[in-house]
Amino acid sequence: MVDPTATAGGTPTSISSGEEIKPPPIPKSPDIKPIPTLSEEVNDIRTRTANIVAEHIIPNEKDIYSGGDKSKSLREDIRQEVKKENLWAPHLPEEYGGMGIGFIAHAYMNEILAWSPLSNRLFGVIAPNSGNQKVLLKYGSEEQKKKWLLPLIEGEMESCFSMTEPDNAGSD
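Only a predicted model underlies this, so the values are computations on that prediction, with no experimental measurement involved.

Draft legend 1. A look at the pattern of salt bridges. Per the stated rule, a full pass over the model turns up eight salt bridges. One salt bridge in this structure joins K84 and E81, with 3.5 Å as the shortest N-O distance. Pair noted here: K84 and E81 are both in helix α3 (residues 68-84), with a separation of three residues, about one helical turn. The shortest N-O distance in the salt bridge between K83 and E154 comes to 3.8 Å.

Draft legend 2. Summary view of the side chain of H106. Looking at where H106 falls in the secondary structure, it is placed in helix α4 (residues 103-113). If near-sequence neighbours (up to four positions away) are discounted, H106 is found in contact with P90, H91, I101 and V125.

Draft legend 3. Fine view of the nonpolar core. The biggest cluster of nonpolar side chains holds 31 residues, and the ones touching the most others in it are I52, I57, I78, V82, L87, M109 and F123. Looking at this core, the elements that each hand over two or more residues are α1 (40-57), α3, α4, α6 (129-139) and α7 (142-154).

Draft legend 4. The arrangement of α1 in detail. A rise of 1.5 Å per residue sets the reference length of α1, with its 18 residues, at 26 Å; its end C-alpha atoms lie 25 Å apart and thus fit the reference within 8%. Of the positions making up α1, those classed as buried are V42, N43, I45, R46, R48, T49, A50, I52, V53, A54 and I57. Residues of α1 that are buried sit in contact with α2 (61-66), α3, α4 and α5 (119-122).

Draft legend 5. Spatial organisation of α3. For α3, built from 17 residues, the straight-helix expectation of 24 Å at 1.5 Å per residue is met to within 8% by its first-to-last C-alpha distance of 24 Å. Residues of α3 that are buried: S71, L74, I78, R79 and V82. Each buried residue of α3 lies within a common arc of 130 degrees when the element is viewed along its axis, so the set occupies one face. For α3, exposure combined with an orientation more than 90 degrees from the buried face picks out D69, K70, K72, D77 and K84. Against the buried residues of α3 lie α1, α2 and α5. Directly beyond the C-terminal end of α3, a positive phi value near 55 degrees is found at N86.

Parameters and conventions
One numbering rule holds for all chains: residues counted from 1, following each sequence as written. The predicted origin of the model limits local features to residues at a pLDDT of at least 70 and limits the giving and counting of side-chain atom pairs to 80 or more, whereas totals for whole chains, interfaces and linings rest on all residues. Computation of side-chain values covers all heavy atoms of the structure but excludes hydrogens and water. Salt bridges are defined as contacts in which a side-chain nitrogen from Lys or Arg sits within 4 Å of a carboxyl oxygen from Asp or Glu. Every helix listed is a DSSP run of H or I at least four residues long, and every strand listed is a run of E at least two residues long, numbered separately from the N terminus. When checking whether two residues touch, look at their non-hydrogen atoms; a contact exists if any pair is within 4.5 Å. Take the buried residues of types Ala, Val, Leu, Ile, Met, Phe, Trp, Tyr and Cys, join any two whose side-chain atoms come within 4.5 Å, and each joined set is a nonpolar core. Using a 1.4 Å probe on the protein chains alone, a residue whose accessible area is under 20% of its type maximum counts as buried, one over 50% counts as exposed, and one in between counts as partly exposed. Under the convention used throughout, the expected extent of a helix is 1.5 Å for every residue step, that is, one less than its residue count. Think of the arc as the fan of directions from the helix axis to the C-beta atoms.

Written out as structure tokens, the structure is:
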């Protein structure tokens, strides 16, 4: 049976009952075309982000998920590439090692990061760390920033978020 809603490269995909329909794979070197209404800077961020995600993260997802020394080495290599390309921590100001880009530029970057569930962590912008970093930036003392913010930015520690309400064990 041919499902007219399932396509691969614009051609209907033949499936049999119960078979999962998978979207076409993201190309190894994606052809990210500039969006004419965006600045040259945002288009450049999109292109550099796409190259790292498509060439370094997606092909290595299985090895990264497997854990162990190879996974650790791959993650570190990718983080170094991200930092070399000045794409680390897009949500943070430059004085803290981030990109210092605004919301719209970050949104277009996130469009590309969404290609892999591993991308955000490898670009230094993963919840809850990114939100906690913003809170520490705005409200933290210099001592708190030194103790908690800087190691979070460097990826040396993880953070958490917890919420409670009176007379309840959590949030409802």
